[in-house]
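# Observations on the model geometry
Listed below, chain by chain, are the residues.
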Amino acid sequence: MRTIFSKSPSPPTRHHTFTESLIEENIEAAELSITKWDSLYGDDHVSYCNIASLFSENNRDEAKQYLSSIKGLQKAMRYLASLESTSDKLVRAQTLMQTAMKRLEREFYQILKSNRNYLDPESVSNHSSSRPSVSRSSFSDSEEDGSENDSIPEVERGSSAVIADLRAIAEAMISAGYAKECFKIYRTIRKSIVDEALYNLGVERNLGFQQIQKMEWEILEVKIKHWLNAVKGAVKTVFYGERLLCDQVFAISSSIRESCFTDVSKEGALALFGFPENVAKSKKAPEKMFRILDLYEAVSDLWPEIESIFSFESTSTVRSTAVNSLIRLSDAVRTMLTDFEMAIQKHSSKTTVPGGGIHPLTRYVMNYISFLADYSGVLSDIIADWPLQISSPLPESYFGSPDKEESISSPISVRLAWLILVMLCKLDGKAEMYKDVALSYLFLANNLQYVVNKVRQSNLKLLLGDNWVTKHEQKVRKYAANYERVGWSKVFAALPENPTAEIPVDQVIEHFRNFNSAFEEAYKKQTSWVVTDPKLRDEIKLSLARRIGPIYKEFFDKYGGVQLMKEMWAKTLVRYTPDDLRNYCSDLFFGSGSSGSISSSSRLGGRYSR
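What you see is a predicted model, and the numbers here were worked out from it, not measured in a lab. Per chain, residues are indexed from 1 in the order of the written sequence. Where totals are concerned, whole chains, interfaces and linings use all residues; where local detail is concerned, this predicted model gives features only for residues with pLDDT of at least 70, and gives and counts side-chain atom pairs only at 80 or more. Heavy atoms from the whole structure form the basis of all side-chain values; hydrogens and water molecules are not counted.

## So, the environment of Val574
- A run of H or I in DSSP counts as a helix once it spans at least four residues, and a run of E counts as a strand once it spans at least two, with each numbered from the N terminus. If you trace the backbone, Val574 turns up in the loop between α23 (570–573) and α24 (578–586).
- Three exposure classes are used, based on accessible area relative to the maximum for each residue type with a 1.4 Å probe and protein chains only: buried under 20%, partly exposed in between, and exposed over 50%. We classify Val574 as buried; its relative accessible area is 12%.
- Sequence separation of Val574 and Phe556 is 18 residues, and the distance between their C-alpha atoms is 8.3 Å.

## Let's talk about the packing of helix α8 (residues 179–201) against helix α10 (residues 217–249)
- Every angle, taken between N-to-C directions, lies between 0 and 180 degrees, and every axis is a line fitted to C-alpha atoms, over only the stretch in contact when it is a helix. Interhelical geometry of α8 versus α10 gives an angle of 160° and a closest axis separation of 9 Å. Classified by the angle between their axes, α8 and α10 sit roughly antiparallel to one another. Between α8 and α10 lies a crossing whose hand is right-handed. Counting all contacts with α8, which are made through Tyr186, Arg190, Val194, Ala197, Leu198 and Leu201, the residues of α10 involved are His226, Ala230, Gly233, Ala234, Val238, Phe239, Glu242, Leu245 and Cys246. Oblique is the label for any angle not covered by the other classes, which are roughly parallel (under 35 degrees), roughly antiparallel (over 145) and roughly perpendicular (65 to 115). Each helix crossing is assigned a hand: it is left-handed if the near helix lies turned anticlockwise from the far helix by less than a right angle, otherwise right-handed if that turn is clockwise. Here, two residues are considered to be in contact whenever any of their heavy atoms come within 4.5 Å of each other.

## A closer look at empty space enclosed by the protein
- Only protein atoms enter the 1 Å grid, on which a cavity is a set of points fitting a 1.4 Å probe that cannot get out and a pocket is an open set with protein on both sides within 12 Å along at least 5 of 7 lines, lining residues being those with an atom within 4 Å of a point. Grid points are joined across faces, edges and corners, and a volume is the space filled by probe spheres set on the points. By the definition in use, this model includes three cavities of 30 Å³ or more.
- Of the voids in this model, the largest cavity is the one considered here, and its volume is about 80 Å³.
- Gly202, Val203, Glu204, Leu207, Lys223, His226, Trp227, Ala271, Leu272 and Phe275 together form the lining of the largest cavity.
- Mapped by element, the contributors of at least two residues to the lining of the largest cavity are α10 and α11 (254–281).

## Some details on the confidence of the model for the protein
- Model confidence for the protein is summarised by a mean pLDDT of 82, while 80% of its residues fall at 70 or above.
- Between residues 594–610, whose pLDDT stays under 50, and residues either more than four places distant or in other chains, the model counts 41 contacts. The pLDDT score gives, residue by residue, the confidence of the prediction method on a 0 to 100 scale.

## Details of the environment of Glu24
- Looking at the secondary structure, you find Glu24 in helix α1 (residues 20–38).
- Spatially, the C-alpha atom of Glu24 lies 8.3 Å from that of Lys89, the residues being 65 residues apart in sequence.
- Apart from the residues within four sequence positions on either side, Glu24 is in contact with Lys89 and Arg92.

## A look at the packing of aromatic side chains
- Under the pairing criterion, centres of Phe, Tyr and Trp rings, with the six-membered ring standing for Trp, must be within 6.5 Å; the plane angle then separates stacked pairs below 30 degrees from edge-to-face pairs above 60, leaving the rest tilted. Counted under the stated rule, the structure contains 26 aromatic pairs.
- Consider the rings of Tyr483 and Phe589, whose centres lie 5.9 Å apart with planes at 75°: the pair is edge-to-face. On the criterion of sequence distance, the pair formed by Tyr483 in helix α19 (residues 460–487) and Phe589 in the segment after α24 is long-range, its members being 106 residues apart. Residues Tyr483 and Phe589 agree in their burial class; the two are buried.

## So, the state of the cysteines
- Pairs of cysteine sulfur atoms within 2.5 Å are identified as disulfides in what follows. Inspection of the entire model under this criterion finds zero disulfides.
- Of the cysteine sulfurs around Cys182, a residue in no disulfide, the closest is that of Cys260, at 6.9 Å.
- We classify Cys182 as buried; its relative accessible area is 0%.

## Side note on the nonpolar core
- Here, nonpolar core refers to any group of buried Ala, Val, Leu, Ile, Met, Phe, Trp, Tyr and Cys residues whose side-chain atoms link them within 4.5 Å. Among the nonpolar cores identified, the biggest contains 178 residues, and Leu104, Phe108, Phe250, Phe273, Leu293, Leu372 and Trp488 are the most heavily contacted of them.
- A total of 14 residues in this core trace back to one element, the largest contributor, which is α10.
- In this view, Leu372 contacts Met289, Phe290, Leu293, Leu337, Leu379, Leu416 and Leu419; residues no more than four positions away in its chain are not counted.

What follows is the structure, given as C-alpha cells:
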C-alpha cells in the first residue's frame, strides 16, 4: 500500500493541534466527498473521458470541497503515521486517498484531453501575456473582480479556468505522492499535441545529414523554405506556450516542471534545430548562400527565446544544437564567400561581349553582391572576427581617404568592396581582349557604370557610401573620355583648327575628304557598339556633338554651300550637312550594326545573371 511518508515525525506533544476527534472528523468528511464521486464511475475500466466531471462549471463548490477534504485527509494521515503506522484509521485513510487519487488521475486526463482548444499553445501564450496572474488557482479564497473578468476574451477565460483546474489537481496529486502518475498522463497527452503541432507546421523529424547531402538543391531549397516558415511559430508559439503551460500547471515543483517540459518538447526541438546544422554541413555552392543566410538569421533572431524557453539543464542540448547550427552556418557562409572570390579570380572565359556591353561576370557578381548587402546585419555578425586577408594594402583611390567620413571601415563594407575590386581587376584583363582600344575603354565604361548603378539601387550604397559612388562615377567619365579620344581621333584631326579661316581650295577639299573618310570609318565600326546606360549614352553623344558639330558647321557654312558648290564634284565631296551628322550620331551605341571582329560570348546562367 502506497504511503506519502518516507519518515515518521517525532511523537506529538501536548501542544499538537490535532485531537482524536479532529482526525475522525477529517477522515469522515473526506470519505463522504470521495465515495460520493467514486460511485459516479465505479468500474475501474471505464473510459477516462466518460466520467461525470467533478471540475465542470456546475460543480465548482464540490470540486473545491473535494480538494479541501484531500488536504484534511493528508493532515490526518501525517498525524496517524506519527503515532502508529499500522493503525486501522491510517489504513482506512490511505484507501480513501488511493481512491481520491484515481479520481483525480481521471479528471486530469479528461481535462487535458477535452480542452485542447483552451490549451493550444497560442491560447496559453496569449493568456499568459495578458494575464500575469494566470497561475493563481481558481480555488483560491479570493475571487476575481467581475468587471475585470468581463473584459477578458472568452477563450482566455476558458484557458484560465482550465489551467487553474489542472494546477489544483497537480498540486493535490504531487502533495499526496502521486507525482509519477500525474507526470505520465501529462507527458502522454501533451507530447502528442506538441508533435502534432510541429508536424502541421511542416517540421520533419527524420531528415538526417545523409538524406540532405544526397538531395537535389531544388528539393532541399523547398524544405528550407518550409523550415523557415515553421521555425518562428514553433519557437514563439508551440514551445513557448508549452513552457508556460508546464510552468503554470506544475508551479508547485520545479523538478517536475522541468521534467515535464523536457519530455514533451526536447525531441521535437532537437529535430527542429538539427536541420539547419545538417544543411550547413552539406555540399557548398554559391546558389545556397542566401538560404544559408536565411537559416542563420532565423536562428539568430530567435536565440533570446530559445535560451529562455529551454533554460533548464535538461534542455541544454537544445541550446547547444541551436548554437552549433549558428556556428556551422557561419562557417558555411565564410567558405562560400571564399569560394566566390576564388571563382571570380579564376574566371577564364576568353570570349568578348559584342559591342563592349555588360559582361555576364559583371551581372552575376553585382547581382550576387547586391543580394549579400541585403543581409548586411547577419553578415556583420558572421565576419566580425574574420579579417580580410590580402597580400597588399587596398588602394586608397578605391576605398577613399581615411580622413573622409565616407571611408569604408566596417568589416562587411570592406569585404563587399574587396569583392567588387576583384571583379573590376578581372574586367581590366577582359578589356584587353578587344582588338580595338576604343572599344576596350567603352567596355570598361559600360561595366563600371553597371556596377555604380547596382550600388546606387541597392543597400550597397549604405555600406560603401557616397564617396565610393562619386569616385567610381569619375572613373566612368574617364573611361568614356578615353573612348572618345581614341575612337574619334581621326575625325577630330580631320577638322580644321580654325574653321572660318581663309584657306586655299585644295586644303578645303582635303579637309572634307579626310573628314568623310574618318567619319565613315568610325561610324561603320561603331554602329555595332553599345552603351547600355541611357544616361551615359546621352552624355557621350552630347560630348561628341559638342566636339564635332560646331566646328564642322562653321566650316560647312563657309565652304560647303558656296565656293565648292560651283564645282561639278562638290555634291560628292561635301557628303554631310550638320543635320546629317546629328542624325547619324543619334543612331550610335544601340548595337544595331554588326562587327566581324567581335565574337559572341556565352551567357553565364543562374538567378543572378540579369
